[in-house]
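# Chains, contacts and geometry: an overview
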Amino acid sequence: MTKSASEGAALAPELLAKYEPVIGLEVHVQLLTKTKIFCGCSTRFGDPPNTNVCPVCLGLPGTLPVLNKRAVEMAMRASLALHCTVQERSRFARKNYFYPDLPKGYQISQYELPLATGGWLEIEHDGAKKRIGITRLHLEEDAAKNLHEGFSQSAQKAYIDYNRCGTPLTEIVSEPDIRTPPEAHAYLTTLRQILLYTGVSDCNMEEGSLRCDANVSVRQRGSDEFGTKVEVKNLNSFRYLQKALEYEIERHIGVLEGGGRISQETRLWNQISGRTESMRTKEKAHDYRYFPEPHLLPVHISAAWREEVLRTLPELPEAKRARFVNSYGITPYDVELLTATRTLSEYFEDVVAAGAPGKAASNWILNELIGLLNDKKKPLHDSPPAAALAELLKMIESKQITAGIGKRVFAAMFESGRTAAEIVAAEGLGARVSDSVIEQAAREVIAKNLDNVAKFKAGNEGVFKFFVGQVMRATRGQANPQAVNDILRRLLS
Ligand SMILES: [Zn+2]
């Protein structure tokens with residue numbers, strides 16, 4: 001565990017080992033609907049402030065909310081992908097509090113009867129698999145956004161952008177099953193990947209589509225009672241999540257070891273100071289005076305609707321990884337990389353479907369393609385069509401060109417959009433002699449010229465040209481010079 005900035009010396013490892021952290025995460029996810037949850041306003045990010053608003057999302061008197069069916073469907077997709085039970089009947093409630101970003105004076109959320117309960121997801125950390133329980137998943141509306149920078153009078157005033165007010169959110173609450181900051185990281189990574197695969201959210205943390213709060217406490221190892229928990233807010237990157245948890249765990253242990261008590265409160269992660277700071281003592285739930293939302297009917301989800309949503313779920317990352325390992329003989333590590341996003345995994349399968357061998361397609365995508373995309377700072381959809389890459393890989397497999405030439409062809413393909421066959425023909429790169437014929441010729445040349453082999457091995461690099469010339473002559477100039485070079489280097493080394 002790292003030392004926390006300006007908090008004095010880090011705690012001794014044996015002190016840390018005495019305690020067990022208990023962590024649960026609450027993740028808010030913006031659902032990828034075109035319109036808001038209770039009105040028809042657009043949810044588009046980045047529009048000029050206060051242009052996507054109407055009397056409903058501004059909370060004007062006399063307006064009535066109408067539930068967006070698509071938002072319910074999205075939350076159902078997330079629920080089913082997380083093995084939750086989608087409740088036949090759930091209900092919206094008012095969570096009452098006043099804040100300028102909440103013009104109605106209450107947030108419409110779900111409280112006693114959430115949309116879904118009792119799921120889990122499986123994380124993998126340090127080679128071990130572990131199930132983390134999901135307590136509940138519910139629907140709610142987002143608040144507006146306070147803007148403290150970028151306006152002429154920002155020093156004196158706060159500004160509010162109501163475009164975000166009413167954007168559909170789902171809140172996913174985990175069981176307190178997480179035990180270390182790296183497990184928390186793995187949980188959020190796995191959750192994000194599932195939400196991206198199912199198309200439920202774009203999970204863009206910078207734009208606030210995925211926000212994370214953590215409940216954290218510590219207890220002496222072996223105890224089955226929970227310690228006093230603290231809620232840490234504002235964990236808007238994977239790094240902050242891990243840092244804030246590390247800081248908070250050490251703080252708890254330090255307080256307890258010093259004979260103090262942890263007070264139940266909400267704290268904020270301050271990324272500049274690298275510490276958590278007390279924000280407010282924890283409100284009790286009844287401070288919000290929850291009551292059923294009188295303007296909305298309970299949500300009824302029929303078995304048929306649930307089945308229909310279940311049918312449209314794509315293959316989930318975990319299942320896809322297992323299938324890739326079994327069907328293509330690729331290492332679990334490479335499969336992990338290939339399935340990092342749904343688009344990449346689908347591109348890979350398109351290349352294989354177009355006739356390329358699985359292993360070669362995997363190697364080529366993970367090394368050549370990703371390398372070129374990174375170099376050129378291009379997104380995956382700027383890649384050559386899957387069929388074009390498959391054609392190239394088939395040419396290499398059938399020894400029409402060497403792997404070395406293949407790389408040159410691929411780079412040219414990437415730049416020009418021409419096919420591998422066009423490039424090979426135009427640049428005369430094709431070999432009319434197979435690698436095995438070249439190797440046979442090279443072995444014969446080497447066997448007949450052992451004195452030159454000795455000279456080469458003694459460091460006379462000039463002799464190498466002699467060998468190339470001999471092999472080219474033996475193959476009547478029909479061999480690919482690059483292949484001849486590669487094979488000779490291998491045999492002579
Ligand atoms: Zn609206």
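Here the structure is a predicted model, which is why all the values come from computation and not from measurement.

## Looking at the side chain of Asp334
Within the element layout of this structure, Asp334 appears in helix 7 (residues 332-338). Although Asp334 lies buried, it forms no salt bridge, and the closest oppositely charged side chain, Lys359, sits 4.6 Å away as judged by the N-O distance. If near-sequence neighbours (up to four positions away) are discounted, Asp334 is found in contact with Ser362, Asn363 and Leu366.

## Section: the pairing of strand 10 (residues 168-174)
In terms of residue burial, strand 10 counts as a mostly covered element, since seven of its seven residues are buried. Across the two faces of strand 10 the burial is the same, with Pro168, Thr170, Ile172 and Ser174 and Leu169, Glu171 and Val173 all buried. One ladder, built from five bridges, connects strand 1 (residues 19-30) with strand 10; its direction is antiparallel. Note that in strand 10 the partner of Val29 across the bridge is Thr170. As judged from the seven bridges shared by strand 7 (residues 128-141) and strand 10, these two strands associate in the antiparallel manner. By the bridge assignment, Leu137 is partnered in strand 10 with Ile172.

## A word on the nonpolar core
If you look at the biggest cluster of nonpolar residues, it comprises 66 residues, and the most contacted ones within it are Leu25, Val27, Leu82, Ile172, Tyr187 and Leu195. Per-element accounting of this core gives the leading share, eight residues, to helix 2 (residues 69-81). Excluding anything up to four places from it in sequence, Ile172 contacts Leu25, Glu26, Val27, Val29, Leu82, Ile134, Arg136, Leu137, Tyr187, Leu191 and Leu195. Leu392, Met395, Ile401 and Phe414 belong to the second largest nonpolar core, which has 37 residues in total.

## Examining the packing of helix 8 (residues 342-353) against helix 9 (residues 358-376)
Contact geometry for helix 8 and helix 9: axes closest at 9 Å, N-to-C directions at 130°. Put simply, helix 8 runs oblique to helix 9. You can see that helix 8 and helix 9 cross each other, and the crossing is right-handed. Side by side, helix 8 and helix 9 meet where Leu344, Tyr347, Phe348, Val351 and Val352 of the first sit next to Gly358, Ala361, Ser362, Ile365, Leu369 and Ile370 of the second.

## Examining the coordination of the zinc ion
Donor atoms from the polypeptide that bind the zinc ion are Cys39 (SG), Cys41 (SG), Cys54 (SG) and Cys57 (SG), placed at 2.3 to 2.4 Å. Relative to the metal, the four donor atoms surrounding the zinc ion lie at angles of 101 to 114°, and the coordination shape comes out tetrahedral. In primary-sequence terms, the residues that donate to the zinc ion follow C-x1-C-x12-C-x2-C. With Cys41 in the loop between strand 1 and helix 2 and Cys54 in the loop between strand 1 and helix 2, this pair connects stretches of sequence that are 13 residues apart. Summarising the burial analysis for this pair, Cys41 and Cys54 share the class buried.

## Considering the packing of aromatic side chains
Applying the stated criterion across every chain, the model contains twelve aromatic pairs. A centroid spacing of 4.4 Å and a plane angle of 25° characterise the contact between Phe151 and Tyr159, whose relative ring orientation is stacked. Judged by relative accessible area, which is 22%, Tyr159 ranks as partly exposed. Seen from their ring centres, Tyr328 and Phe348 are 5.0 Å apart, and the 90° between their planes marks the pair as edge-to-face. You can see Tyr328 sitting in helix 6 (residues 317-328) and its partner Phe348 sitting in helix 8, a full 20 residues away along the chain. Note on Phe348: relative accessible area 0%, which makes it buried. The lysine or arginine in question, Lys69, covers the ring of Trp305, its NZ or CZ lying 5.3 Å from the ring centre.

Rules behind the numbers
Residues numbered from 1 in each chain as written. Predicted model: local features only at pLDDT ≥ 70, side-chain atom pairs only at ≥ 80, totals over all residues. Heavy atoms only, no water. Helix = DSSP H or I, 4+ residues; strand = E, 2+ residues; numbered from the N terminus. Buried < 20%, exposed > 50% of the residue type's maximum accessible area, 1.4 Å probe, protein only. Lys, Arg positive; Asp, Glu negative; His and termini not counted. Salt bridge = Lys/Arg side-chain N within 4 Å of Asp/Glu carboxyl O. Contact = heavy atoms within 4.5 Å. Pairing = 2+ DSSP bridges. Core = buried A, V, L, I, M, F, W, Y, C linked by side-chain atoms within 4.5 Å. Axes fitted to C-alpha atoms, helices over the stretch in contact; angles between N-to-C directions. Parallel < 35°, antiparallel > 145°, perpendicular 65-115°, else oblique. Left-handed = near helix turned anticlockwise from the far one by under 90°. Donors = N, O, S within 2.8 Å, 3.2 Å for Na, K, Ca; no water. Tetrahedral: all angles 85-135°; square planar, octahedral: opposite > 155°, others 65-115°. Phe/Tyr/Trp six-rings, centres within 6.5 Å; stacked < 30°, edge-to-face > 60°. Lys NZ or Arg CZ within 6 Å of the ring centre and 35° of its normal.

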